[in-house]
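# Results of the structural survey
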Amino acid sequence: MPGESDILHALRERLIGVCREAYALGLTLGTSGNISVRAGSGKILIKATGTSMGNMTEKDTVLVDMDGNIAEETTARPSTEVLFHAAIYGVREDVGAVVHLHPPYTTAFAHLQKMPPLLTATSRAYLKDKIALIPKAPAGSAELASLVESAFRSPNVMAALLADHGNVTVGRNLHSAFYLAQYLEDACRMAVIVQQLQK
């Protein structure tokens, strides 16, 4: 049977894979964005701060406790947004992963603090009545963590637009949370395309 270290290694590899895919799809850039996943009882595995999703390795992941404190020997530091990741896990036992990206179309709607119209059957199936709007707050702040926690206290909320900041999506695992981020970006992109075609 695989030991705890083997399980954690496999989880790191899955996290790295999703991060690299998000970067390859243009859903984030530079060192921005962060993704986390539950890693057993009371632990979270999260992208390290100051690292690019595009070329992540295991050393660019950090194990933390539910308060965001480092729970392993490492020189890396967790993402500056670790507070709102931990806040979501604290109020949502159904959430196994949290994805925060800066997709261009989603971020544009977030800047406007407008919900995208859900024009496709796919977007309605996955996003209808599941998106929250979160007002502007400093990145990495306790204020932002509190706002995110408040929004995700509702069991219906699976995605949120962060004003001037991007998105947050959640799911039972890494891929379900990541796919939701893609559906949200597609909904926002489709809304812009349709609006342009109607001019």
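Look above for the structure.
Rules behind the numbers
- Residues numbered from 1 in each chain as written.
- Predicted model: local features only at pLDDT ≥ 70, side-chain atom pairs only at ≥ 80, totals over all residues.
- Heavy atoms only, no water.
- Helix = DSSP H or I, 4+ residues; strand = E, 2+ residues; numbered from the N terminus.
- Rg over C-alpha atoms; globule rule 2.2 N^0.38 Å.
- Buried < 20%, exposed > 50% of the residue type's maximum accessible area, 1.4 Å probe, protein only.
- Contact = heavy atoms within 4.5 Å.
- Areas by Shrake-Rupley, 256 points an atom, 1.4 Å probe, with all protein chains shown as cover.
- Lys, Arg positive; Asp, Glu negative; His and termini not counted.
- Charge placed at Lys NZ, Arg CZ, Asp CG, Glu CD.
- Phe/Tyr/Trp six-rings, centres within 6.5 Å; stacked < 30°, edge-to-face > 60°.
- Pairing = 2+ DSSP bridges.
- Right-handed = clockwise from strand over helix to strand, strands pointing away.
- Core = buried A, V, L, I, M, F, W, Y, C linked by side-chain atoms within 4.5 Å.
- Salt bridge = Lys/Arg side-chain N within 4 Å of Asp/Glu carboxyl O.

## Details of the overall build of the chain
A tally of regular secondary structure across the chain gives six helices and seven strands. When the helices and strands of the chain are placed in sequence order, the string is α-β-β-β-α-β-α-α-β-α-β-β-α. At 16 Å, the chain has a C-alpha radius of gyration in line with the 16 Å of a compact globule built from 199 residues. In terms of overall dimensions, the chain has C-alpha extents of about 55 × 30 × 30 Å along its principal axes. Counting over 199 residues, the chain shows a buried share of 47%. Contacts in the chain between residues far apart in sequence, at least 24 positions, make up 62% of those at least 6 positions apart. A total of about 9600 Å² of accessible surface is found on the chain, and carbon and sulfur atoms cover 53% of it. Of the charged side chains in the chain, 18 are positive and 19 negative; the average position of the first set lies 8 Å away from that of the second.

## Some remarks on unusual backbone geometry
Backbone phi values are negative for most residues with the exception of glycine, while trans is the configuration of most peptide bonds. Unlike most non-glycine residues, Gln113 shows phi in positive territory, near 55°. Relative to the elements of secondary structure, Gln113 occurs in the loop between α3 (104-112) and α4 (121-127). Take Gln113: its relative accessible area is 30%, and that puts it in the partly exposed class. At Asp164, a residue that is not glycine, the phi angle is positive and equals roughly 60°. Along the polypeptide, Asp164 turns up in the loop between β6 (159-162) and β7 (166-171).

## Section: the packing of aromatic side chains
According to the stated counting rule, one finds two aromatic pairs in the structure shown. Centre to centre, the rings of Tyr126 and Tyr183 are 4.2 Å apart; their planes meet at 20°, and the pair counts as stacked. Of this pair, Tyr126 sits in helix α4 while Tyr183 sits in helix α6 (residues 174-197), placing them 57 residues apart in sequence.

## A word on the pairing of β6
Of the two faces of β6, the one holding Ala159 and Leu161 and the one holding Ala160 and Leu162 are both buried throughout. In this structure, strand β5 (residues 131-134) lies alongside β6, joined through four bridges in parallel fashion. Along β6, the bridge assignment pairs Ile131 with Ala159. You can see the chain leave β5, run along helix α5 (residues 142-152) and come back into β6, and the turn it takes is right-handed. Across four bridges, the pairing between β6 and β7 is antiparallel. When the bridges of β7 are listed, Leu162 appears paired with Gly166. Here β6 hands over to β7 after three residues, with Asp164 in that stretch at a positive phi of 60°.

## Section: the nonpolar core
The biggest cluster of nonpolar side chains holds 39 residues, and the ones touching the most others in it are Phe84, Ile88, Val98, Leu127, Val148 and Phe152. Look past the residues within four positions of Phe152 in its chain and what remains in contact with it is Ile88, Val91, Arg92, Val157, Met158, Ala159, Ala160, Val168 and Val170. Val18, Leu27, Val37 and Leu101 belong to the second-largest nonpolar core, a separate cluster that totals 21 residues.

## Remarks on the pattern of salt bridges
Enumeration according to the criterion identifies six salt bridges in this entry. The shortest N-O distance in the salt bridge between Lys136 and Asp164 comes to 3.2 Å. Highlighted residues: Lys136 in the loop between β5 and α5 and Asp164 in the loop between β6 and β7, separated in sequence by 28 residues. Here Arg189 makes a salt bridge to Asp186, at a shortest N to O gap of 2.9 Å.

## Points about the environment of Gly166
Inspection of the secondary structure puts Gly166 in strand β7. Taking C-alpha positions, Gly166 is 8.7 Å from Gly33, a pair spaced 133 residues apart along the chain. For Gly166, the residues in contact, after removing those within four places along its chain, are Leu101, His102, Thr107, Ala110, Ala160 and Leu161.

The analysis is restricted to geometry; functional conclusions fall outside its scope.
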